[in-house]
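Here is what each chain is made of, one letter per residue.
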Amino acid sequence: MLLVNPTYKPGRDLPGGMAEANEPPEDAVGRELAEELGLTIVLHGLLVVDWVAPHGPWDDQIAFIFDGGTLTQDQADGLHPTDHELSEAAFFTAEEADSRLGDRIRRRFEFSLLALVTGRPQYLRDGTPAI
């Protein structure tokens, strides 16, 4: 599993980022991966939608996790941050990734693994199944 280390907040995260105004989520992830990692991928489907309640200074948000597939060895070998928002990008086993993520992202990550196994996207509400 690919995790990144953002420079603007503590802890590791899943690669991706925020959508710009009027930008579809699937386009946002492609743009963010290209900007931050120089990576071009083909999405293989939706894994998780998570409605996140307002917290701290932030209003509510909707977070998506898409299946970005498997990178070729050449893609993996050449992977490195290409802008100032990331200090590191590294691969981990699912167990290693799980132990390196904060609670909110960890729950989303775990449900994305379930979606890969079941072939059924997961809808979450603050990281827990909603329906």
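It should be noted that the structure appears before, not after, this text.
Here we summarise the structure given alongside this text. Every chain begins its residue count from 1, and numbering advances along the sequence as written. Per-residue local features of the predicted model are confined to residues with pLDDT of at least 70, and side-chain atom pairs are confined, for both listing and counting, to 80 or more; whole-chain, interface and lining totals are unaffected and use all residues. Side-chain numbers come from the whole structure's heavy atoms, not from hydrogens or water.

Structural notes on the packing of aromatic side chains
Okay, so step 1: Pairing of aromatic side chains requires ring centres within 6.5 Å, counting the rings of Phe and Tyr and the six-membered ring of Trp. Pairs whose planes differ by under 30 degrees are stacked, by over 60 edge-to-face, and all others tilted. Within the structure shown, the criterion is met by one aromatic pair.
Okay, so step 2: Where Phe64 meets Phe66, the ring centres are 6.1 Å apart and the plane angle is 10°; that geometry is what we call stacked.
Okay, so step 3: Three exposure classes are used, based on accessible area relative to the maximum for each residue type with a 1.4 Å probe and protein chains only: buried under 20%, partly exposed in between, and exposed over 50%. On the basis of relative accessibility, which here comes to 21%, the residue Phe66 falls in the partly exposed class.

Describing the pairing of strand S2 (residues 46-52)
A regular strand places its side chains so that they alternate between the two faces of the sheet.
Okay, so step 1: In terms of residue burial, S2 counts as a mostly covered element, since five of its seven residues are buried.
Okay, so step 2: Any two strands between which DSSP finds at least two bridges are classified as paired. By the criteria applied, helices consist of DSSP H or I runs no shorter than four residues and strands consist of E runs no shorter than two, each listed in order from the N terminus. Here S2 runs beside strand S3 (residues 61-66); their pairing, made up of six bridges, is antiparallel. Across the sheet, the residue bridging to Trp51 is Ile62, located in S3.
Okay, so step 3: Direction of pairing for S2 relative to strand S5 (residues 122-125): parallel, over a ladder of four bridges. The residue of S5 that forms the bridge with Asp50 is Leu124.

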